[in-house]
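# Observations on chain architecture
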Amino acid sequence: MNILDIRNLTIELETDAGLVRVLDRFSLQLAEGEIHTLVGESGSGKSLLAKAILGFINPKWKITADRLWWRQYDLLNLNPAARRIITGRDMAMIFQDPSSYLDPNDKVGAQLRESIPRGELSGIYLKRRADRQTRAERLLHRVGIKNTEEVMDAYPHELSEGLAQKISIAMAIAHNPKLLIADEPTTAMEPNTRAQIYRLLTKLSASQGMSILMITQDLTAVIPESKQMSLIYCGQLMETGPTEQLMSTPAHPYTEAMLNMSLYHQQSEPKSRLPTLTGAIPTLQHMPIGCRLGPRCPYARKACVQQPALRKIKSQQFACHYPLRDGDDHE
Ligand SMILES: Nc1ncnc2c1ncn2[C@@H]1O[C@H](COP(=O)(O)OP(=O)(O)OP(=O)(O)O)[C@@H](O)[C@H]1O
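Residues numbered from 1 in each chain as written. Predicted model: local features only at pLDDT ≥ 70, side-chain atom pairs only at ≥ 80, totals over all residues.

Identification of the protein as Peptide ABC transporter ATP-binding protein from Pseudidiomarina atlantica is taken from an unreviewed UniProt entry. The protein has a UniProt comment under Sequence similarities (unreviewed entry) that states "Belongs to the ABC transporter superfamily." Entered under Subcellular location (unreviewed entry) in the UniProt record, the comment concerning the protein runs "Cell inner membrane". (UniProt positions renumbered as here; feature names shortened; annotations may be inferred.)

Printed below as a string of structure tokens:
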């Protein structure tokens, strides 16, 4: 069952050059307990999508959607107070740089204790304080930290990058969210630490039935446990579906190009340059009309000045007039 259902979400921002569509009819569905990876180059609108889901919205942004549903809640039509309650209760986010999340002036223990929801503690002050401490230690155990006393007594800058990220995950899951948005949580980490963080997130998702929207810029960061994947380019959905299927038989030229790019980088001694995209990502003020990949796409033709509708082959969906594989049933 889809716990998050986004259909044709559009976000327009006011810039010096006028109103710009940073998300253009973007759709995404996330099932309960599922890990779904959103892949897109820098500036493609991934963080804005996360903000729209969490409700961190500037009142000046123009947001429309056929559907922006979280569980049974129609998020766009909730009043701000109700939305804040639902987001605070059900959702959490972690970031690329955990230190942006942690207060540098406060010891880790104090911050962890503070992250435990007040409503879950009862009794007199001394009991609540002791319970907070026990809950904080338990949180550390859940993220695989054993030397709890030492870690709680440290300031954030005294922690390694991986440890700091584990603390930010512990704080994010303190209220048992149903959705965790992980915005490039391992970028710039060394491979071992990266693998540890991924293992931890996968374990948490499996043990708590927590859905995770994993955000990344490149396909090499897509973990096998992420059964679903979506690719976004300049605010438009290019392709979405089962990760394995998209990796083995991409239908969209963008998915193919991203795959080629990641294969190229994985070669220890790259000999041949696999075909990827030419040119550069357009600026916000100069978005192409129709399919925004058009000017960089090797298969583009006249029809691409019209934005393609989403088409479907089994569970794989893509927005392309000239896909690498074809299907019959249109959505
Ligand atoms: N508040 C804002 N006002 C104006 N433009 C914005 C604002 N926030 C984001 N943008 C622009 O919207 C586009 C999408 O931004 P976003 O941060 O969502 O990209 P991203 O895919 O998350 O990139 P990255 O991977 O580098 O974080 C970018 O061109 C960005 O400059």
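### Considerations on the overall build of the protein
Helix and strand counts for the protein come out as nine helices and 13 strands. Against the globule reference of 20 Å for 331 residues, the protein gives a C-alpha radius of gyration of 21 Å, in line with a compact fold. Along the first, second and third principal axes, the C-alpha set of the protein runs to 70 × 50 × 40 Å. By residue count, 36% of the 331 residues in the protein fall in the buried class. Counting only contacts in the protein whose residues sit at least 6 apart along the sequence, the fraction spanning at least 24 positions is 64%. (Helix = DSSP H or I, 4+ residues; strand = E, 2+ residues; numbered from the N terminus. Rg over C-alpha atoms; globule rule 2.2 N^0.38 Å. Buried ≥ 20, exposed ≤ 12 C-beta atoms within 10 Å, placed from the backbone. Contact = placed C-beta atoms within 7 Å.)

### Let's talk about the pairing of strand β5 (residues 67–70)
Going residue by residue along β5, you find Leu68 and Trp70 tucked away on one face and Arg67 and Trp69 left uncovered on the opposite face. Sheet topology places strand β1 (residues 2–15) next to β5; four bridges connect them, and they run antiparallel. Bridge pairing links Leu4 to Trp70 in β5. As judged from the two bridges shared by β5 and strand β6 (residues 73–74), these two strands associate in the antiparallel manner. (Pairing = 2+ DSSP bridges.)

### Re the domain arrangement of the protein
When the domains of the protein are assigned, the result is domain 1 (2–226) and domain 2 (252–331). For domain 1 versus domain 2, the distance between C-alpha centres works out to 29 Å. Every contact between the two is made by 12 residues of domain 1 and, on the other side, 10 residues of domain 2. It is strand β2 (residues 18–31) that contributes the most residues to the side of domain 1 that touches domain 2, four residues altogether. Here the residues of the side of domain 1 that touches domain 2 are counted per class, giving five nonpolar, four polar and three charged. (Domains from an automatic or database assignment. Nonpolar A, V, L, I, M, F, W, Y, C, P; charged D, E, K, R; others polar.)

### Here's the deal with the UniProt feature "domain: ABC transporter" (unreviewed entry) in the protein
Mapped onto this structure's residue numbering, the UniProt feature "domain: ABC transporter" (unreviewed entry) falls at residues 4–259. The span residues 4–259 carries 37% helix and 27% strand; its end-to-end C-alpha distance comes to 27 Å.

### Notes on the nonpolar core
Ala170, Leu180 and Met238 are the most contacted members of the largest nonpolar core, which totals 78 residues. The element best represented in this core is helix α6 (residues 161–172), accounting for seven residues. Looking at which domains feed residues into this core, each of domain 1 (2–226) and domain 2 (252–331) supplies at least three. Not counting chain neighbours up to four residues away, the residues in contact with Met238 comprise Leu231, Ile232, Tyr233, His252, Tyr254, Thr255, Leu293, Phe318 and Ala319. (Core = buried A, V, L, I, M, F, W, Y, C linked by C-beta atoms within 7 Å.)

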